[in-house]
Amino acid sequence: MPISRKDLTGASSPEALVKRILQAEPELTVPVPIQDLCERLGILRIEDLSTDEFEGGLVTDAKRSEGTIQAKRGGELRRRFTIAHELGHFLMAHHVPDQPGQFLCKSSDLLRVTAKDGDRRQRMEVEANRFAGLVLMPPHLLRAAMSAFREPDLQHVLALARDFAVGKEVAARAYVQYHPERIAIVVAGNGRVQRCYRSLSFPDIICAVGSPVPTRSRYHSSSHRPNIASDIAACSPDLWIDVKRDLRAPFLYEQVYLQQNGFAMILLRLEPVPEESADERRQEEGWRYRFHSGRR
Ligand SMILES: [Zn+2]
């Protein structure tokens, strides 16, 4: 039995909705047929949106009896994400548009992953994006795809983007979230940091959004070939993260993927500081003692 709105009764968060969708559609394969899902869930039409200001829209009523999704013409992968995002607004009844009956979303809304405290509009966009990410890359199918991967590698992000038919950045967000290692992906545009996605255990990245990619990063190496992920190589950890002077520096590795249009992804992988051996510890304590007592 194909899914219907009845299967979603009582579910209101992106996670609960996607869980119900996957329960009702256990045979779902990738790329997820997002337009078919829309049709089964009450979307009557998907129309082109003919404005440069907005990326997507949704025309519906407060009861969500039915809806029309609008998506800007352009790249197919981008359009799939926009449609999934608008379906999210449609299925979350607590999402209330600025103008009655009409949601309009900008491209910056479709990239939003965090919301300011108390900003209801931003929170709705974050939820719609979370829904879109989950429905286009269902967790069980993503885990199955990732089980074949070992060491972190941007090639995997490219493979996920291709297989799930999502943009590279959407795949990158999911990849850092599901990978067991401490990794981050920095998205750069024209030499500047645009966005950073990190696993929960990866420390804060010290390069602010809008700042130039650090000059000592491998990003600036002249050996990159467009659309091919570079080798993975060690870099100085203080390029990207705060390294405490009195602690051993962790090992940080970089891998770079450049496109001709100025877009780049930089994968950062952090390796834990190796445990000190008992001998090393005794030696350091000895030095500390000599230093404090003035003996040399
Ligand atoms: Zn939106």
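Residues numbered from 1 in each chain as written. Predicted model: local features only at pLDDT ≥ 70, side-chain atom pairs only at ≥ 80, totals over all residues. Heavy atoms only, no water.

Right, let's talk about the coordination of the zinc ion for a bit. Geometry sets the ideal angles at a metal, namely 109.5 degrees for four tetrahedral donors and 90 or 180 degrees for six octahedral donors. Protein coordination of the zinc ion is provided by His 85 (NE2), His 89 (NE2), Cys 105 (SG) and Glu 125 (OE), with donor distances spanning 2.0 to 2.2 Å. With four donor atoms in place around the zinc ion and angles of 90 to 131 degrees between them, the coordination shape is tetrahedral. When the donors of the zinc ion are listed by position in the chain, the intervening gaps give H-x3-H-x15-C-x19-E. Of the two residues, His 89 is situated in helix α3 (residues 76–91) and Glu 125 in helix α4 (residues 120–136); the sequence distance between them amounts to 36 residues. A relative accessible area of 0% places His 89 in the buried class. (Donors = N, O, S within 2.8 Å, 3.2 Å for Na, K, Ca; no water. Tetrahedral: all angles 85-135°; square planar, octahedral: opposite > 155°, others 65-115°. Helix = DSSP H or I, 4+ residues; strand = E, 2+ residues; numbered from the N terminus. Buried < 20%, exposed > 50% of the residue type's maximum accessible area, 1.4 Å probe, protein only.)

A separate point is the sheet that holds strand β7 (residues 233–235). The strand order β6-β5-β9-β8-β7 describes an open sheet built from five strands, whose pairing is antiparallel. Looking at which strands have only one partner, the edges of the open sheet turn out to be β6 (192–198) and β7. Across the sheet, the mean angle separating the axes of adjacent strands is 30 degrees when strand polarity is ignored. Pairing geometry for strand β5 (residues 183–189) and strand β9 (residues 263–271), over seven bridges, is antiparallel. Residue Gly 189 lies in a different strand from β9, and its bridge partner there is Phe 263. Most of the contacts of helix α7 (residues 168–178) go to β5, to which it runs at about 160 degrees, and overall it touches β5, β6, β8 (251–258) and β9. (Pairing = 2+ DSSP bridges. Axes fitted to C-alpha atoms, helices over the stretch in contact; angles between N-to-C directions. Contact = heavy atoms within 4.5 Å.)

Right, let's talk about the domain arrangement of the protein for a bit. In many reports, interface size means the accessible area that the parts give up when they come together. Looking at the protein, the domain boundaries give domain 1 (5–136) and domain 2 (180–271). The distance between the C-alpha centroids of domain 1 and domain 2 comes to 31 Å. (Domains from an automatic or database assignment.)

Another aspect to go through is the packing of α3 against α4. Where α3 meets α4, the closest approach of the two axes is 8 Å, and the angle between their N-to-C directions is 120 degrees. What the angle tells us is that α3 and α4 run oblique. Crossing angle aside, the handedness with which α3 passes α4 is right-handed. Here α3 contributes Arg 80, Phe 81, Ala 84, His 85, Leu 87, Gly 88, His 89 and Leu 91 to the contact with α4, which in turn contributes Met 124, Glu 125, Ala 128, Asn 129, Phe 131, Ala 132, Gly 133, Val 135 and Leu 136. Looking at the contact of α3 with α4 residue by residue, the classes come out as 10 nonpolar, five polar and two charged. (Parallel < 35°, antiparallel > 145°, perpendicular 65-115°, else oblique. Left-handed = near helix turned anticlockwise from the far one by under 90°. Nonpolar A, V, L, I, M, F, W, Y, C, P; charged D, E, K, R; others polar.)

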